[in-house]
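Observations on chain architecture
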Amino acid sequence: MRIGTGYDVHKLTENRKLILGGVEIPYEKGLLGHSDADVLIHAIMDAILGAAALGDIGKHFPDNDDRYKGISSMLLLKEVAKKIDNAGYQIGNIDSTIIAQKPKLALYIPAMKENIAYALGIDPGLINIKATTEEGLGFTGEGLGIASQAICLLL
């Protein structure tokens, strides 16, 4: 058994879609980034890669490579699934947290779980996603960005 953690943060900005867990969330701002800036998927990918001792997403999908400009993070997650499969691992479980003052995310979490499970080829019951605010404190609490944390157990 191996455990890995992941963390990601992106700035909220105008004229971008808000994509979390592969779900487009209706909101007046989106996350700024080289790809679709899906902080949840990025944290999960780093947790998986870390558990397998395969580096991080920057190593595999660098933000200075135009092949990944605007790419769906769900496609990158499928590539991570192939990498851990090739390394002989399987996912035991994933636990994650999205940290955002707004928007409220509870209604979108089931679809996020389904998307992630499909991309990884695992049962949705192996994935947990929580959302929390920071009570108006810090950059997430002030609505300047969204962060995510994840932990993954590989078998």
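Anything mentioned here points back to the structure above.
First, a word on scope: everything that follows refers to the structure included in this document. Only a predicted model underlies this, so the values are computations on that prediction, with no experimental measurement involved. (Residues numbered from 1 in each chain as written. Predicted model: local features only at pLDDT ≥ 70, side-chain atom pairs only at ≥ 80, totals over all residues. Heavy atoms only, no water.)

Turning next to the pattern of salt bridges. Considering all chains together, one arrives at 4 salt bridges under this definition. Here Glu-24 ties to Lys-17 by a salt bridge, and the two come within 3.9 Å at their closest N and O atoms. Given the relative accessible area of 47%, Glu-24 is considered partly exposed. Among the residues examined, Lys-17 registers a relative accessible area of 54% and is labelled exposed. The partner of Arg-67 in a salt bridge is Asp-65, with the nearest N and O atoms 2.7 Å apart. (Salt bridge = Lys/Arg side-chain N within 4 Å of Asp/Glu carboxyl O. Buried < 20%, exposed > 50% of the residue type's maximum accessible area, 1.4 Å probe, protein only.)

Our next topic: the packing of aromatic side chains. Going through the model one piece at a time under the given rule, you end up with 1 aromatic pair. Consider the rings of Phe-61 and Tyr-68, whose centres lie 5.4 Å apart with planes at 80°: the pair is edge-to-face. (Phe/Tyr/Trp six-rings, centres within 6.5 Å; stacked < 30°, edge-to-face > 60°.)

What follows deals with helix α1 (residues 39–51). The end-to-end C-alpha distance of α1, which contains 13 residues, comes to 18 Å, matching closely the 18 Å that a straight helix rising 1.5 Å per residue would cover. The element α1 is largely enclosed, with a buried count of 12 among its 13 residues. Turning to α1, its buried residues are Val-39, Leu-40, Ile-41, His-42, Ala-43, Ile-44, Met-45, Asp-46, Ala-47, Ile-48, Leu-49 and Ala-51. Backbone geometry just downstream of α1 places Ala-53 in the positive-phi region, at approximately 55°. (Helix = DSSP H or I, 4+ residues; strand = E, 2+ residues; numbered from the N terminus. Expected span 1.5 Å × (residues − 1).)

Before going further, it helps to examine the nonpolar core. Residues Leu-20, Ile-48, Leu-77, Ile-91, Met-112, Ile-116 and Leu-120 are the most contacted members of the largest nonpolar core, which totals 46 residues. With 10 residues, the single largest contributor to this core is α1. Every residue in contact with Leu-120, bar those within four places of it in the chain, is listed here: Ile-48, Leu-77, Ala-81, Ile-91 and Ile-94. (Core = buried A, V, L, I, M, F, W, Y, C linked by side-chain atoms within 4.5 Å. Contact = heavy atoms within 4.5 Å.)

Bringing the pairing of strand β6 (residues 127–132) into the picture now. Where strand β5 (residues 91–99) meets β6, 6 bridges bridge the pair, whose relative direction is parallel. By the bridge assignment, Ser-96 is partnered in β6 with Ile-129. Between the parallel pair β5 and β6, the chain is carried across by helix α4 (residues 109–120), and the sense of this crossover is right-handed. (Pairing = 2+ DSSP bridges. Right-handed = clockwise from strand over helix to strand, strands pointing away.)

Within the open sheet, the 5 strands sit side by side as β4-β1-β7-β5-β6. Their pairing is mixed. Looking at the sheet topology across the chains shown, the edges are occupied by β4 (30–31) and β6. Where α4 meets the sheet, it contacts β5 and β6, and its direction lies at approximately 145° from that of β6. (Axes fitted to C-alpha atoms, helices over the stretch in contact; angles between N-to-C directions.)

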